[in-house]
Amino acid sequence: GTELVISDVGPPPVGSTLKVLKDQGPATTAPSSQRCATESTAGAGKSSQEEENTHFRVLLDVVQFRPEDIIIQTFEGWLLIKAQHGPRMDEHGFISRSFTRQYKLPDGVENKDLSALFCHDGILVVEMKNSVEKN
């Protein structure tokens, strides 16, 4: 699968990167694919965010981008998602796209607490790791 990285802004310190796995399709039985399948109705460029005390999840439609086009970073309590691709041919000619989105992280959440998955249907899911337990 394809791996993406979540890092702190600036030169990432050792151990600050986060592996992001690419979902291989709807037939996959991993929990990650089930998470993706339930969120495939998002429209182009749309985003949703869920937040509770011990739960944080961002869903972002990145269907126009490849995993290698996307940079995910954390900075001073914010999650930054940036995506950019160069000129590509479509039915109207050539198009280039880019966006930057920022989401406020819950207090105390760092990039090591987050996981990210690039779903087969073009939805990027960034959420708290299941193993994270806040007291």
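Residues numbered from 1 in each chain as written. Predicted model: local features only at pLDDT ≥ 70, side-chain atom pairs only at ≥ 80, totals over all residues. Heavy atoms only, no water.

Spelled out, the test is: UniProt positions are given in the numbering used here, feature names are shortened, and annotations may be inferred rather than shown by experiment.
The protein chain carries the name Heat shock protein family B (small) member 3 in an unreviewed UniProt entry, which gives Catharus ustulatus as its organism. In the Sequence similarities (unreviewed entry) part of its UniProt record, the protein chain is described as follows: "Belongs to the small heat shock protein (HSP20) family."

### Here we look at the pairing of strand S5 (residues 70-75)
Defined as follows: Strand pairing is assigned whenever DSSP identifies at least 2 bridges connecting the two strands. Helix and strand assignments come from DSSP, with helices taken as H or I runs of at least 4 residues and strands as E runs of at least 2, each series counted from the N terminus.
Judged from the 6 bridges that link them, S5 and strand S6 (residues 78-90) form a sheet pairing that is antiparallel. Residue pairing in the sheet places Ile70 in a bridge with Ala83 of S6. From the end of S5 to the start of S6, which pair antiparallel, there are 2 residues, and Glu76 there has a positive phi angle of about 45°.

### Re the packing of aromatic side chains
Put simply, the rule reads: Only the six-membered ring of Trp is used, alongside the rings of Phe and Tyr, when aromatic pairs are assigned; centres must lie within 6.5 Å, and planes under 30 degrees apart are stacked while those over 60 apart are edge-to-face, with the rest tilted. Only protein chains enter the area calculation, which uses a 1.4 Å probe; residues under 20% of their type maximum are buried, those over 50% are exposed, and those in between are partly exposed.
The final tally for this structure, using the stated rule, is 1 aromatic pair. Ring plane angle 75° and centroid distance 5.4 Å describe the contact between Phe65 and Phe99, whose orientation is recorded as edge-to-face. Of the two residues, Phe65 is situated in the loop between strand S4 (56-61) and S5 and Phe99 in strand S7 (residues 93-104); the sequence distance between them amounts to 34 residues. Looking at Phe65, the relative accessible area reads 8%, which means it is buried. In this structure Phe99 comes out as partly exposed when scored by relative accessible area, which is 22%.

### Digging into the environment of His85
Let me state the cut-off plainly: A contact between two residues is defined here by any heavy atoms of the two lying within 4.5 Å.
Along the chain, His85 turns up in strand S6. Residues His85 and Arg66, 19 residues apart in the sequence, show an inter-C-alpha distance of 8.3 Å. Apart from residues no more than four positions distant in its own chain, His85 is found in contact with Gln64, Phe65, Asp69, Ile95, Ser96 and Arg97.

### Considerations on the nonpolar core
The cut-off we apply is this: Take the buried residues of types Ala, Val, Leu, Ile, Met, Phe, Trp, Tyr and Cys, join any two whose side-chain atoms come within 4.5 Å, and each joined set is a nonpolar core.
Core analysis: the biggest nonpolar cluster contains 19 residues, and Ile70, Leu79, Ile81, Leu124 and Val126 have the highest contact counts within it. Of all the secondary structure elements, the ones that give two or more residues to this core are S4, S5, S6, strand S8 (114-118) and strand S9 (123-128). The next biggest cluster of nonpolar side chains, apart from the first, holds 5 residues, and it includes Leu59, Leu117, Cys119 and Val125.

### Let's talk about the side chain of Asp61
Basically, it comes down to this: Polar contacts here mean pairs of N or O atoms no more than 3.5 Å apart (in protein, one a potential hydrogen donor and the other a potential acceptor; neighbouring residues in sequence count only if both atoms are side-chain atoms).
Locating Asp61 in the fold gives a position in strand S4. Relative accessible area serves as the criterion here: at 10%, Asp61 is assigned to the buried category. Engagement of the side chain of Asp61 in a polar contact is seen with the backbone nitrogen of Val63, the distance being 3.0 Å.

### Comments concerning the pairing of S8
The two faces of the sheet receive side chains in turn, since in a regular strand these alternate between them. Burial within S8 is extensive, with 5 of its 5 residues counted as buried. Every second residue of S8 is oriented toward a common face, with Leu114, Ala116 and Phe118 on one face and Ser115 and Leu117 on the other, all of them buried. As paired elements, S8 and S9 share 5 bridges and run antiparallel to each other. In the strand pairing of S9, Ala116 is matched with Val126. Where S8 folds back onto S9 in an antiparallel hairpin, the turn is made up of 4 residues, including Gly122, whose phi is positive at roughly 85°.

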